[in-house]
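Structural characterization, general
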Amino acid sequence: MDGYGLPPNEPVVGTVGASGKRSARVGLIIGLAVAVGFGGLLAVRVKQAVAKRAVVAEEKKAAAARPVQKELSKTVHPTAAKWVPRVDVTGTLKPWREADVGFETSGRLVRVGVSIGDKVTDGQNLAVLDVSRAAAQVGQAESQVRGSEANLALALDNLKRTEALAATKSVPEAQVEQARQQVALAKAQLDGAHASTALAKSGAGLHSISSPFKGIVTKAPTGIGSVVNAGVPLIHIEDTSHFRLSVTVGEEDVPLIANGSKVHVTYRERVVEGKVIAIVPSLDQSTRRAPVEIEVPNDDGQLLAWGFVRARIDGGGETDAVRIPSAARRPGSQDEVVKVENGHVKIAKVSFAVDTDGTLVVQRGLTAADEVVLSPNVELHDGDPIDLGPAPAAAAPSAAAAK
């Protein structure tokens, strides 16, 4: 037995069992505490969510109880005005005439008489090809002519002698016919030689090119010795004494324009007066616009070819129109406004010009008795009811109209 009164090597069973039960009770107590704590936290969160939901419901109820205020549309009545019709266009100044000049035959370039920027006159020589080969071809053709002439002379002499012998029955008639055919062949060969000579001389003349009109050189070779091919543009010439402005106008603007109508062309703050020289009475199928040609003078040489310009084409005499603010134009549209008819929306197409002060001068589509919506909502459609606020003052006439 040991000091504790127990037999040696005997397990202490009762002591271990009591310790395990105490551990289990402690674990159970801790688990219950955690569960109670989590339940309390969950209850607090649920209470907060319910309270927040109640607040949101109260706010919605209060918002629903407030009266709904709709945005009112403002309108304006157009003002009567006098207007001189005009059509504003933009375009590029093109040379009155331009040409790419090249040789009709190939050869080696031996002389260039002009440079970029040079002014040339009508018929002025521009460049020359090597003519040595062409001269040799001319000489060869001329020698063929002389040979053909000699052959023809021999054939004629032979025919004369043969006809004399045939008259004395010394040779058969068939031999005479053969001599005649030799004469015909010699004549044909002579004609061919003459044609070859003319062709060779013509080819020799194609070894130089001349300016087709008075103008300025904008493209030219910088050296000689290169071989150029027939038909390849070598020198470019532009006539900038006056310009051609090609523009298009809308279908509704065509009646306002006539041949000879004055055109005020603005190029970099410089204004030049031109005139309409042609109106094509046909609309482009894709753009529905009519081409118009305008002649623009360049008397002082200050305008530049291919410059971008703005132009105003003057129409006929003074006409009646109405004026509205620019804010009356319907958003997303180029030619529509929103009118009010019996408290409902009416979309109207108008023809107008923009005055210098920005107001719209309407020639067709509106009258002074109409009521037009300012800054209309893009979602308005024909027949929609519309709430109107107090109408502002009518559009004031511009300074140009007052004059």
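Residues numbered from 1 in each chain as written. Predicted model: local features only at pLDDT ≥ 70, side-chain atom pairs only at ≥ 80, totals over all residues. Heavy atoms only, no water.

1. So, the overall build of the chain
If you tally the helices and strands in the chain, you get 4 helices and 20 strands. In the chain, buried positions account for 30% of the 403 residues. For the chain, the share of sequence-separated contacts (at least 6 apart) that also reach a separation of at least 24 residues comes to 74%. Total accessible area on the chain stands at roughly 25300 Å², and carbon and sulfur atoms take up 56% of it. (Helix = DSSP H or I, 4+ residues; strand = E, 2+ residues; numbered from the N terminus. Buried < 20%, exposed > 50% of the residue type's maximum accessible area, 1.4 Å probe, protein only. Contact = heavy atoms within 4.5 Å. Areas by Shrake-Rupley, 256 points an atom, 1.4 Å probe, with all protein chains shown as cover.)

2. Regarding the packing of aromatic side chains
Tallied over the full model, the rule gives 0 aromatic pairs. Against the face of Trp96 rests Arg244, its NZ or CZ located 4.2 Å from the ring centre. (Phe/Tyr/Trp six-rings, centres within 6.5 Å; stacked < 30°, edge-to-face > 60°. Lys NZ or Arg CZ within 6 Å of the ring centre and 35° of its normal.)

3. What about the sheet that holds strand β19 (residues 360-364)?
Read across the sheet, 4 strands follow the order β2-β15-β19-β18 without closing on themselves; strand pairing throughout is antiparallel. Both edges of this open sheet fall to β2 (79-83) and β18 (351-354), since each of them pairs with a single strand only. Across the sheet, the mean angle separating the axes of adjacent strands is 40° when strand polarity is ignored. The pairing of β2 with strand β15 (residues 319-324) spans 5 bridges and is antiparallel. (Pairing = 2+ DSSP bridges. Axes fitted to C-alpha atoms, helices over the stretch in contact; angles between N-to-C directions.)

4. Side note on the layout of surface pockets
Its boundaries defined by the atoms lining it, the largest pocket holds a volume of some 480 Å³. Breaking the lining of the largest pocket down by element, the ones donating at least two residues are β3 (86-101), β10 (235-250), β18 and β19. When its residues are assigned to classes, the lining of the largest pocket shows 8 nonpolar, 5 polar and 8 charged. (1 Å grid on protein atoms, 1.4 Å probe; cavity = no way out; pocket = protein on both sides within 12 Å on 5 of 7 lines; lining within 4 Å. Points joined across faces, edges and corners; volume = space filled by probe spheres on them. Nonpolar A, V, L, I, M, F, W, Y, C, P; charged D, E, K, R; others polar.)

5. Considerations on a nonpolar patch on the surface
A cluster of nonpolar side chains, Phe38, Leu42, Val46 and Val50, forms an exposed patch at the surface whose accessible area comes to about 400 Å². Inspection of the secondary structure assignment puts Val50 in helix α1 (residues 13-65). The class of Val50 is exposed, set by a relative accessible area of 53%. (Patch = residues over 30% accessible without salt bridge, like charges linked within 9 Å, V, L, I, M, F, W, Y side chains within 5 Å. Salt bridge = Lys/Arg side-chain N within 4 Å of Asp/Glu carboxyl O.)

6. Some words on the pattern of salt bridges
A full pass over the atoms with the stated rule returns 17 salt bridges. The shortest N-O distance in the salt bridge between Arg312 and Asp314 comes to 3.4 Å. What makes Arg312 partly exposed here is its relative accessible area of 30%. Salt-bridge contacts for Lys339 lead to Asp370; the nearest nitrogen and oxygen are separated by 3.9 Å. One end of the pair, Lys339, is in strand β16 (residues 336-341); the other, Asp370, is in the loop between β19 and β20 (372-373), with 31 residues separating them in the sequence. Take Lys339 and Asp370: they sit in the same class, and that class is buried. The network of salt bridges with shared partners includes Glu163, Glu173, Glu177 and Arg180.

7. Points about the nonpolar core
Membership of the largest hydrophobic core comes to 21 residues, with the highest contact counts inside it found for Leu245, Ile294, Val296 and Ile313. Elements with a contribution of two residues or more to this core: β3, β10, β11 (262-267), β12 (270-279), β13 (289-297) and β14 (308-314). Non-local contacts of Val296, meaning those with residues more than four positions away in its chain, are made with Leu93, His242, Phe243, Leu245, Val265, Val272 and Leu303. (Core = buried A, V, L, I, M, F, W, Y, C linked by side-chain atoms within 4.5 Å.)

8. Describing the sheet that holds strand β6 (residues 125-129)
Reading across the sheet, the 4 strands line up as β7-β6-β4-β9 and stay open at both edges, with antiparallel pairing between neighbours. Only two strands of the sheet have a single neighbouring strand rather than two, namely β7 (208-210) and β9 (227-228). Relative to β9, strand β4 (residues 107-112) runs antiparallel, the two sharing 2 bridges. What sits directly across from Arg108, in β9, is Val227.

9. Side note on the side chain of His242
In this structure, His242 sits in strand β10. Residues contacting His242, with those up to four places away along its chain left out, are Pro95, Trp96, Glu295, Val296, Pro297 and Asn298.

10. A look at unusual backbone geometry
Even without glycine at this site, Glu269 takes up a positive phi of about 70°. The phi dihedral of Trp306 is positive, around 70°, even though this residue is not glycine. Here Trp306 is to be found in the loop between β13 and β14.

11. Let's talk about the pairing of β11
Here 6 bridges tie β11 to β12, and the two strands are oriented antiparallel to one another. Bridge pairing links His264 to Glu273 in β12. Taking the residues that link successive antiparallel strands as the turn, the β11-β12 hairpin has 2 residues, and the phi of Arg268 there is positive, at about 50°. Relative to β14, β11 is paired through 4 bridges, and the arrangement is antiparallel. Of the residues in β14, the one forming a bridge with Val263 is Ile313.

12. Remarks on the confidence of the model for the chain
Across the chain, the average pLDDT comes to 82, with 85% of residues at 70 or higher. For the stretch residues 1-6, pLDDT sits under 50, and the model shows 3 contacts to residues farther than four places along the chain or on other chains. Below a pLDDT of 50 lies the segment residues 10-16, which in the model reaches 0 contacts outside its immediate sequence neighbourhood of four places, other chains included. (pLDDT = per-residue confidence, 0-100.)

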